[in-house]
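Residues per chain, in single letters:
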Amino acid sequence: MQNPFDFALATPEISLLIMACAILLVDAFNKTESRHTTFTLSIGAMLVLTVISLWQWGAGVRGNSFGGLYVVDDLAHFLKVLSYIAVAATMIYGREYSERRDMVKNGGELYCLALFALLGQMIMISAGSMLTVYLGVELMSFALYALVALRRDHIKATEAAMKYFVLGALASGVLLYGMSMIYGATGQLDMRLIAQVINSGNAERLPLVFGVVFIVSGLAFKLTAAPFHMWTPDVYQGAPTSVTLIVGAAPKLAAFAITLRLLIEGLHGIAIDWQPMLLVMAVLSLAIGNLAAIMQSNFKRMLAYSTISHMGFVFLGLLSGVVEGQAVAAGSAYGSALFYVVIYVLTTLVTFGLILLLSREGFECEEISDLKGLNRRNPVLAGLLLVSMFSLTGIPPLAGFYAKLAVLQALIGAGYIAMAVVAVLFSLIGAFYYLRVVKVAYFDEPEGELVPVNTGVVTNGLMSLNGLLILALGILPGGLMALCVRVIESSLKF
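The structure presented is a predicted model; accordingly, all values stated were derived computationally and were not measured.

**As for the packing of aromatic side chains**
Line of reasoning, step 1. A complete count under the given rule lists 14 aromatic pairs for this structure.
Line of reasoning, step 2. Summarising the aromatic geometry, the rings of F221 and W231 are spaced 5.3 Å apart at their centres and angled 35° between planes, so their arrangement reads as tilted. Of this pair, F221 sits in helix α8 (residues 205–222) while W231 sits in the loop between α8 and α9 (232–238), and the two are 10 residues apart along the sequence.
Line of reasoning, step 3. A residue is classified by how much of its surface remains accessible, and F221, at 4% relative accessible area, is buried.
Line of reasoning, step 4. Judged by centre distance (4.5 Å) and plane angle (50°), the ring pair of Y433 and Y434 falls under tilted.
Line of reasoning, step 5. Among the residues examined, Y434 registers a relative accessible area of 2% and is labelled buried.
Line of reasoning, step 6. By the ring-pair criterion, three or more aromatic residues cluster together here, those being F142, Y145, Y164, F165, F221 and W231.

**Considering empty space enclosed by the protein**
Line of reasoning, step 1. Summed over the entire model, instances satisfying the criterion amount to 6 cavities of 30 Å³ or more.
Line of reasoning, step 2. Here the largest cavity is characterised by a volume of approximately 90 Å³.
Line of reasoning, step 3. In this structure, the largest cavity is lined by M140, S141, L144, Y164, F221, K222, T224, W231, V247, P251, K252 and A255.
Line of reasoning, step 4. Among the secondary structure elements, those contributing two or more residues to the lining of the largest cavity are α5 (130–148), α8 and α11 (250–266).
Line of reasoning, step 5. Of the residues in the lining of the largest cavity, the class split is 8 nonpolar, 2 polar and 2 charged.

**Some details on the pattern of salt bridges**
Line of reasoning, step 1. Per the counting criterion, the structure on display carries 10 salt bridges.
Line of reasoning, step 2. Put simply, E265 and R192 hold a salt bridge, and the shortest N to O gap is 2.9 Å. Taken together, the residues span a long stretch of sequence, with E265 in helix α11 and R192 in helix α7 (residues 191–200) at a distance of 73 residues.
Line of reasoning, step 3. The class for E265 is buried, based on a relative accessible area of 5%.
Line of reasoning, step 4. What makes R192 partly exposed here is its relative accessible area of 35%.
Line of reasoning, step 5. The structure contains a network of salt bridges with shared partners spanning E159, K163, D234 and R301.

**A short note on the side chain of E366**
Line of reasoning, step 1. When you line up the elements, E366 lands in the loop between α14 (330–358) and α15 (374–377).
Line of reasoning, step 2. Not counting chain neighbours up to four residues away, the residues in contact with E366 comprise Q237, T241, N298, F299 and K300.

**Here's the deal with the packing of helix α13 (residues 299–319) against helix α18 (residues 417–443)**
Line of reasoning, step 1. α18 packs onto α13 with a crossing angle of 160° between their chain directions and a minimal axis gap of 11 Å. Classed by the angle they form, the pair α13 and α18 counts as roughly antiparallel. Where α13 crosses over α18, the handedness of that crossing is left-handed. The residues of α18 that touch α13, namely those facing F299, M302, S306, S309, H310, F313 and L316, are M419, A423, S427, Y433, Y434, R436 and V437.
Line of reasoning, step 2. For the contact of α13 with α18, the class distribution of residues is 9 nonpolar, 4 polar and 1 charged.

**Quick word on the environment of M230**
Line of reasoning, step 1. Tracing the backbone shows M230 in the loop between α8 and α9.
Line of reasoning, step 2. As a C-alpha pair, M230 and F78 span 152 residues in sequence and 30 Å in three-dimensional space.

**Concerning the layout of surface pockets**
Line of reasoning, step 1. Taken as a whole, the largest pocket holds about 540 Å³ of empty space.
Line of reasoning, step 2. Along its surface, the largest pocket is lined by 26 residues, and L82, I85, A86, L346 and L469 are the ones closest to its centre.
Line of reasoning, step 3. The set of elements that each furnish at least two residues to the lining of the largest pocket consists of α2 (34–58), α3 (74–100), α14 and α19 (457–475).
Line of reasoning, step 4. Looking at which element gives the most residues to the lining of the largest pocket, the answer is α3, with 10 residues.
Line of reasoning, step 5. Looking at the lining of the largest pocket residue by residue, the class counts come to 24 nonpolar, 2 polar and no charged.

**Quick word on unusual backbone geometry**
Line of reasoning, step 1. Residue P227 is bonded to the preceding A226 through a cis peptide linkage, with omega at 5°.
Line of reasoning, step 2. At the junction of P396 and P397, the peptide bond is cis and its omega measures out at 5° in the coordinates.
Line of reasoning, step 3. Structurally, the position occupied by P397 is in the loop between α16 (379–393) and α17 (399–413).
Line of reasoning, step 4. In this structure, F66 takes a positive phi of about 55° despite not being glycine.

Conventions adopted
- Sequence positions are assigned chain by chain, starting from 1 and proceeding in written order.
- Under the rules for a predicted model, residues below a pLDDT of 70 receive no local features and side-chain atom pairs below 80 are neither given nor counted, while totals for whole chains, interfaces and linings still include all residues.
- Side-chain calculation: all heavy atoms of the structure are included, whereas hydrogens and water are not.
- Each Phe, Tyr or Trp ring, with Trp reduced to its six-membered ring, pairs with another whose centre is within 6.5 Å; inter-plane angles below 30 degrees give stacked pairs, above 60 give edge-to-face pairs, and intermediate values give tilted ones.
- Put simply, DSSP marks the helices as runs of H or I at least four residues long and the strands as runs of E at least two long, and each gets a number from the N terminus on.
- Here the term buried applies to any residue with accessible area under 20% of the maximum for its type, exposed to any over 50%, and partly exposed to those in between, with areas from a 1.4 Å probe on protein chains only.
- A pocket here means an open set of points on a 1 Å grid, computed over the protein atoms alone, that has protein on both sides within 12 Å along at least five of seven lines. A cavity is instead a set of points where a 1.4 Å probe fits but cannot get out; residues with an atom within 4 Å of a point line either one.
- Grid points are joined across faces, edges and corners, and a volume is the space filled by probe spheres set on the points.
- Residues are grouped as follows: nonpolar covers Ala, Val, Leu, Ile, Met, Phe, Trp, Tyr, Cys and Pro; charged covers Asp, Glu, Lys and Arg; every other residue, Gly included, is treated as polar.
- Think of a salt bridge as a Lys or Arg side-chain nitrogen and an Asp or Glu carboxyl oxygen that are within 4 Å of each other.
- The contact rule is simple, with two residues in contact once any of their heavy atoms fall within 4.5 Å.
- Lines fitted to C-alpha atoms define the axes here, with helix axes fitted over just the stretch in contact, and angles between the N-to-C directions of these axes take values from 0 to 180 degrees.
- For classification purposes, an angle smaller than 35 degrees is called roughly parallel, one larger than 145 roughly antiparallel, one from 65 to 115 roughly perpendicular, and anything else oblique.
- Helix crossings are classified by the rotation of the near helix relative to the far one: an anticlockwise turn of less than a right angle makes the crossing left-handed, while a clockwise turn makes it right-handed.

Next up, the structure:
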C-alpha cells in the first residue's frame, strides 16, 4: 500500500526549499562578494535539482502524496527539468546586467527570489488538487511581484510592479472563486475525483459551468492570453530585463501545467463548455497580439504582444483535443500545445537574452532602433537574433515552424479548418514585425559610434547552444514531439 505521506516523492521541492533558505542565510551573513557566491550556489542548486529529477524520471518514480495534493508523473518530471534549465539560463544571461544596475549590490535577493518563484512553479507542475494549484500560484506570484519591484529607485519598474500586483491579485481572486464554485458543484478538490463526479453526472450543472468560466479567466491571465493580457506589455517593458526574462520564460511552463491539470484532467468531461472560451480567447490573442505588435517601437513591448499572440496558438492546440461526437487524437493535440510552449520558452530565452547581452553600463537595449548595425558589431549575436525571429515567425527549418505546423495539423484533424486559416493569416501579419527586427539588425546603419559587443565565453557559448537547439529541433523535431505526446498520454487521464 502506498504511503499517503511519501516525502521521497517531493524530494526536488524539499531540496530546493532547503537550498534556497541556505543560500538566503549565506547571502545575509556573507556580504563580502556575496552576490557572486549567491549566483554560484544558485546555479549549483539548478544542477542538483536537474540530477534529482532526471534520476526520478529514469527510475520510474511516479505516484501521489499528501492525500493526493501532490502528483509525480512523467509530465511533472519533464516540465520541472525544463524549468530548471530555463531558470539557470536566465540567471547566466542576466548576471552581468543585474550587477551593472546594482540590482544585487546588497546581496543576492534577485537569485533567492528567483529560486522561491521556481519552487512555486514546481508546486504548480505537481499539483493534484485545486488547493495545491492555488498554493503554487501564490508562492510564484509573490516572488515575481517582488522581483519586478527590485529596483526601488526606478519609476517604471515600480509602476510595473504595482500594476502586476493589483491585476495579479484580481486574477488570483477570480481563480480562487472559480475553484470554490467547482468545489461546491462536485464536493471535491482533487482533480481526478472532480473528473469522476462530472463523468458520473452527479455534479451540479449551473455552479460547475460558472466555476469553469472563472477558472479559465484566471488561467488566461497567467498565460497572458487576451482579453486578460493588459498587464503584460507594461510589466515586460517596465521590469528590469533580467526580471522580464524570469517572468516570461519558466512561469509559462507552470501555467501551462496547471491548465492541463485543471481543464484536461479535472474538467475534461465538460469540455463543451470551456472550448468556446478557448476559441474566443485564441482569436482575440492572435488578433490583438499581432496587430498591436506592429505599432511598437520598443523591442520588449513588441515581444510582450508577441507572447500574447503565441498563447493564442497554445489555446488552439488545447481546444483541438476533443470534438463532440467525433473521435480525435487527443494526446497528439495536447502534445502539440505542449511542444509549442516548450519551443516558445526556448526562443524567449534567446530573444531576451540578447537584450541582456546588448545592454551595457548606462544603456538599455530596449528600442528596436538600438539593434541597428548589430551584424557589423557582433555577427554571432545578429545570427542568433535572426534565428529567434525566424523561429517566432514560423519559417522553416526552425523549431517555431514545426510547432505551428503541429498545432495546425491538430486543428484540421479536429475539423477546425476555418480556425487554421485564421491562424495562418495572423501568422503572416506577425511576420512583418519580426522581419522588421532582422532588417534593422542587418541593413540599417548604426546611429553614432559603432560600439563592439563583447560577451563572456560561458554566456556566448550558452547563447550559441540555445540558438543551435532551435535549429536542431526544427530539422529533427520528431523526438521531442513524441516525448511531449508520450508524457501527456502517460500522465493525464481524459
